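# Survey of secondary and tertiary structure
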Amino acid sequence: MSDEEGPSVEKTNSEDSSLPEQELESVEEPQAVEEPQAVEETESVEEPKTPEDTEAVVEAESVGPEPAEAPRPVDEDAIDSTEATVDEAVDEPTDVETTFDEPTIVEPAIDESANEVTTVIPVVPAGDAPPTEVVDSAPATETIDEQTEQFEPPAVVVPPKPPRPEFVQQYDTQQFEPIQQQYEPVVREPEAVAPPAPQQQPEAPAPESSRKWVKPAIAVGAIFAVAVIAYGVDIFTSSGKTPRGTQVAGVDIGDLTPADAEATLRAELGPRLVEPVAVHAGGVDSEIVPASAGVDVDWSATLSGVNAQPINPITRITSFFGSREVPVVSTVDQGALDASMSQLAANSDRAPVEGAVVFESGKATGVSPAAGQALETQQAGATFAAEWSDGGVVDLPVDEVPVTVTQAGVDRALQEVAIPAVSGDVVVNGRDGKVATLGVDQIGEVLTFTPDGSGGLTPQYNTDAAIKILTPQLVSTEVQPKDASFTFAGGKPSVVPGVVGDLINWPDTVKELPVLLGSTASRATPAVYGPVPPALTTEAADALGINEVIGEFTTGGFEYASGVNIGLAASEIDGAVIKPGDTFSLNEYTGPRGAAQGYVESGIINNGRPDKAVGGGISQLATTLYNATYFAGMDDVAHTEHSYYISRYPEAREATIFDGAIDLQFRNPAKTGVMIETIATSSNITVRIWGTKTVDVASTTGPRTSPTSPNTVTLPEGPGCVASSGAPGFTVSDTRVITDHASGAEISSNTRTVKYDPVPIVKCE
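Notes on the structure in this doc start here.

Calculation rules
- For every chain, the first residue of the written sequence is number 1, and numbering continues from 1 onward in sequence order.
- It should be noted that, the model being predicted, local features are given only for residues of pLDDT at least 70 and side-chain atom pairs only at 80 or more, the latter also being counted only at that level, while totals for whole chains, interfaces and linings use all residues.
- Side-chain metrics in this entry use all non-hydrogen atoms of the structure; hydrogen atoms and water are not considered.
- Helix and strand assignments come from DSSP, with helices taken as H or I runs of at least 4 residues and strands as E runs of at least 2, each series counted from the N terminus.
- Buried residues are those whose accessible area, probed at 1.4 Å on protein chains only, stays under 20% of the maximum for their type, while exposed residues exceed 50% and partly exposed ones sit between those limits.
- Note on definitions: a residue-residue contact is assigned when non-hydrogen atoms from the two residues lie within 4.5 Å.
- Residue-level accessible areas treat just the shown protein chains as cover; the underlying method is Shrake-Rupley with a 1.4 Å probe.
- Any two strands with at least two DSSP-identified bridges between them are counted as paired.
- Axis geometry follows a simple rule: fit a line to the C-alpha atoms, using only the stretch in contact for helices, then measure angles between N-to-C directions, giving values from 0 to 180 degrees.
- Pairing of aromatic rings covers Phe, Tyr and Trp, the last counted by its six-membered ring, and requires centre-to-centre distances within 6.5 Å; plane angles under 30 degrees mean stacked, over 60 mean edge-to-face, and any other angle means tilted.
- Pairs of N or O atoms are called polar contacts if they sit within 3.5 Å, as long as, within protein, a hydrogen donor faces a hydrogen acceptor (for residues adjacent in sequence, only side-chain-to-side-chain pairs).
- In this scheme, roughly parallel covers angles under 35 degrees and roughly antiparallel covers those over 145, while 65 to 115 is roughly perpendicular and the rest are oblique.
- What makes a crossing left-handed is the near helix being turned counterclockwise from the far one by less than a right angle; a clockwise turn instead makes it right-handed.
- Polar here means any residue other than Ala, Val, Leu, Ile, Met, Phe, Trp, Tyr, Cys and Pro, which are nonpolar, and Asp, Glu, Lys and Arg, which are charged; Gly is therefore polar.
- By definition here, a salt bridge exists when the distance from a side-chain nitrogen of Lys or Arg to a carboxyl oxygen of Asp or Glu is within 4 Å.
- To estimate how far a helix should reach, multiply one less than its number of residues by 1.5 Å.
- We call a pair of cysteine sulfur atoms a disulfide whenever their separation is within 2.5 Å.

### Quick word on the overall build of the protein chain
- In terms of helices and strands, the protein chain carries 17 helices and 38 strands.
- Counting across all 765 residues of the protein chain, residues that qualify as buried make up 37%.
- Here the analysis covers contacts within the protein chain between residues at least 6 apart in sequence; of these, 73% occur between residues at least 24 apart.
- Here the protein chain has roughly 41300 Å² of accessible surface; of this, 53% comes from carbon and sulfur atoms.

### Thoughts on the sheet that holds strand E15 (residues 426-429)
- Taken together, the three strands give an open sheet; going across it, the order is E16-E15-E22, and neighbouring strands pair in mixed fashion. Every other strand in the sheet has two partners, leaving strand E16 (435-438) and strand E22 (524-526) as the edge strands with one partner each. Mean inter-strand twist for the sheet, computed between neighbouring axes without regard to direction, equals 20°.
- Looking at chain direction, E15 and E16 are connected through four bridges and run antiparallel. Residue pairing across strands places Val 427 opposite Thr 437, the latter belonging to E16.
- Here helix H11 (residues 463-474) sits on the sheet and contacts E15 and E16; the angle it forms with E16, its principal contact strand, is near 155°.

### Re the packing of aromatic side chains
- Across all of its chains, the model carries seven aromatic pairs by this definition.
- Judged by centre distance (5.3 Å) and plane angle (40°), the rings of Phe 584 and Tyr 589 are tilted.
- Ring geometry for Tyr 645 and Phe 730: centres 5.6 Å apart, planes at 65°, overall edge-to-face. Taken together, the residues span a long stretch of sequence, with Tyr 645 in the loop between strand E29 (635-638) and strand E30 (665-667) and Phe 730 in strand E36 (residues 729-740) at a distance of 85 residues. Both residues of the pair, Tyr 645 and Phe 730, belong to the buried class.
- Ring pairs connect the aromatic residues Phe 584, Tyr 589 and Phe 666, which therefore count as one cluster.

### Considering the side chain of Thr 735
- With respect to the helices and strands, Thr 735 occurs in strand E36.
- A polar contact of 2.7 Å, which involves the side chain of Thr 735, links it to the side chain of Thr 751.
- What Thr 735 contacts, discounting residues up to four positions off in sequence, is Tyr 630, Ala 698, Ser 699, Thr 700, Ser 749, Asn 750 and Thr 751.

### What about the packing of helix H15 (residues 560-573) against helix H17 (residues 618-632)?
- Contact pair H15 / H17: the axes reach a minimum separation of 8 Å and the direction vectors enclose 45°. One element, H15, and the other, H17, form an angle in the oblique class. Both H15 and H17 take part in a crossing whose hand is right-handed. Along its contact with H15, which presents Asn 565, Ile 566, Ala 569, Ala 570 and Ile 573, the element H17 presents Ile 618, Gln 620, Leu 621 and Leu 625.
- Broken down by class, the residue content of the contact of H15 with H17 amounts to seven nonpolar, two polar and no charged.

### Quick notes on the pattern of salt bridges
- The final tally for this structure, using the stated rule, is nine salt bridges.
- Here Arg 431 and Asp 502 are joined by a salt bridge, their closest N and O atoms 2.7 Å apart. With a gap of 71 residues between them, Arg 431 in the loop between E15 and E16 and Asp 502 in strand E21 (residues 501-504) connect regions that are remote in the sequence.
- Its relative accessible area of 33% is what places Arg 431 among the partly exposed residues.

### Re H11
- In this model H11 runs 16 Å from its N-terminal to its C-terminal C-alpha over 12 residues, within 8% of the 16 Å that 1.5 Å per residue would give.
- Every buried residue of H11 is accounted for by Ala 465, Ala 466, Ile 467, Ile 469, Leu 470 and Leu 474.
- On its buried face, H11 sits against E15, E16, helix H10 (443-446), E21, helix H12 (506-509) and helix H13 (513-518).
- Two or three places before Asp 464, at the start of H11, stands the capping residue Asn 462, its side-chain oxygen 3.2 Å from that residue's backbone nitrogen.

### Section: the state of the cysteines
- One pass over the full model with this rule turns up one disulfide.
- A sulfur-sulfur separation of 1.7 Å characterises the disulfide bridge that pairs Cys 721 with Cys 764. Note on the Cys 721 and Cys 764 pair: the S-S dihedral is about -90°, so by sign convention the disulfide is left-handed. Residue Cys 721 is located in the loop between strand E35 (712-715) and E36, and its partner Cys 764 is located in strand E38 (residues 761-764); the two are separated by 43 residues in the primary sequence.
- Its relative accessible area of 10% is what places Cys 721 among the buried residues.
- The partly exposed category is assigned to Cys 764, whose relative accessible area is 24%.

### Describing the environment of Asp 296
- Of note, Asp 296 is situated in strand E7 (residues 295-297).
- Among the residues examined, Asp 296 registers a relative accessible area of 36% and is labelled partly exposed.
- Each C-alpha atom, one on Asp 296 and one on Val 329, is 8.7 Å from the other, the two residues being 33 residues apart in sequence.
- Setting aside chain neighbours within four positions, we find Asp 296 in contact with Leu 273, Val 329, Ser 330 and Thr 331.

### Regarding the sheet that holds strand E26 (residues 583-585)
- In space, the three strands of this open sheet follow the order E26-E30-E29, with antiparallel pairing throughout. Lying at the two open borders of the sheet, with one neighbouring strand each, are E26 and E29. Geometrically, the sheet is characterised by an average inter-axis angle of 25° between neighbouring strands, direction not taken into account.

### Quick word on the packing of helix H7 (residues 334-348) against helix H8 (residues 377-387)
- Interaxial distance between H7 and H8 falls to 9 Å at its minimum, and their mutual angle equals 115°. What the angle tells us is that H7 and H8 run roughly perpendicular. Remark: the crossing between H7 and H8 carries right-handed chirality. Residues Gln 334, Leu 337, Asp 338, Met 341 and Ala 345 of H7 touch H8, and the partners they reach there are Thr 377, Gln 378, Ala 380, Gly 381 and Phe 384.
- Taken together, the residues that form the contact of H7 with H8 break down as five nonpolar, four polar and one charged.

Quick look at the structure:
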């Protein structure tokens, strides 16, 4: 509708919208009303007695080749549409004339959404009568705008034509001519209506709530039918297959035949058996290969855990949107699994850190306790076997190893003992104004702590460590004891009296050490001195019975360098006293025999061949000492023959020695003591054993047997090569017979057999 239009009447079924004029069906002229008289060429209409008694109904009918005999029923929807049109026209009465000389016919706008519209327009009589109401409880029309003085002429409604441009034309009612089809508007005179009688309440229609559930119920039924059909189809198509959404270790085997499910599972899960699986044990991360740990998959048992197709429709529906995990059933080689867990435990187990107090650079600090952990190997193995296939890190169980010292115990020991202990040096006052000091940086060597079993710490005072630190500082204030010894003046041993020492009694001196370390005031104490007798007193030396030679032996033929070493070692053991029942060790008595002690490089036997080393030649002293004790009747505790025979030694009655490896030891079986005397020259060495003679010893050497020929060895010429002409090897025995010196009765007889290797022929080229 354009902005210039007045009240509109819809027009339909027009075939040519471009014509300026149109033929319209004849319209029966309405009867004239008494007022107003200005309306021309209209039939008078009897004025209704009351406004409510009358109502003009205009009904437009579409007629075919022959006009319809009866009017069509009123369309309520069309009435509503027409009322809206009338309302719009009333609101915009731009071109409405104040007097109605001629009825105005307004061609309606084209409504493309409807083929037929029936409009009911109320006829408003002259005067101030109120508007009539539309039949069938339609909404009342609005009061005609004040610009309309009398009434609005009846409108003619024409059925809609095909779409065309919208326009409005006005025609004189006398000039309307039909176009193609005949349209006969009918104007009905209002019937006289008696005063309104009490209206009977119409029967209430069916409740809206009951009618509005009809369509939803039908829809629900349709949906249910479709669901039942879909359920049946799903059951049929999935028969003989694994349930949809089934997974094993993350591998989807749903909606597959059992054979396909097993093949898929083997293809996807099988390679994981040889791939490392991350494990976490307490605070330790590691990896374990399932196959190496004896873990395998029981395929049939795993697939047997897959349930049959579910019947529950809800379960089947949810299977489209989720999955169900079926656990892997594993087989286990328990021995291999236990070994794997033990190997892991070696790396994951952690000993607890006990609370403690430590000393560093003269300061005491506390160590906070921390619990340890131990892998539960049995449970860990079961957990790994059950969870290795999950694809994540397997968390293995560990036991916590508790601590025995609490933080409170550490703090208490620190405040009450440790911190006071390092508050200053501890001083020991000796003679002649000399002192020994235990510094704060040395307290940690003396003071330690151990758990007391109740969460605390007990201080431990190491007095030996304190004595070791203090003794050297006051040794010059002491008189060292000296054992009684023997001298051979006049060719016979005599006793040299011993010296009683005057030494610090360190145990008594440091017994107050806990008090001194706990004090923050005086931290000094005097040294306690006391007499100390020698290990061998003069009286004990006189009682040893060392008064004659009971065994003696001499060897010679060594080179100069060997003689130097032999003389130095001989002087070390000269005068050594072996009490009854004691054992003598050559290596222990002489101590290290290196360049620092004055020994030089000389010949040795190295791997059966001649060689050189510092301290070489001492084996000749060992052989000489062995033979002297042999004939003195001493017990042979340990000795070793040379690997090949040396001609200057007696067969099967000689000994070698090597610092820290090969030793010569013998024990004094007599009731009296013995003493060693050594006499060394540039060409030979003599060893005498002094004591009280109680036995006689005889030696018998057997013949050489089982001779062997030497090999020839060629070495590069140089300092490392010592040429040798070689010698054959052989086997020989020696028998020692001991008899009582007083009675001559045989006490013992022992035979020793020795096999000597051939001396190789060494060539230096």
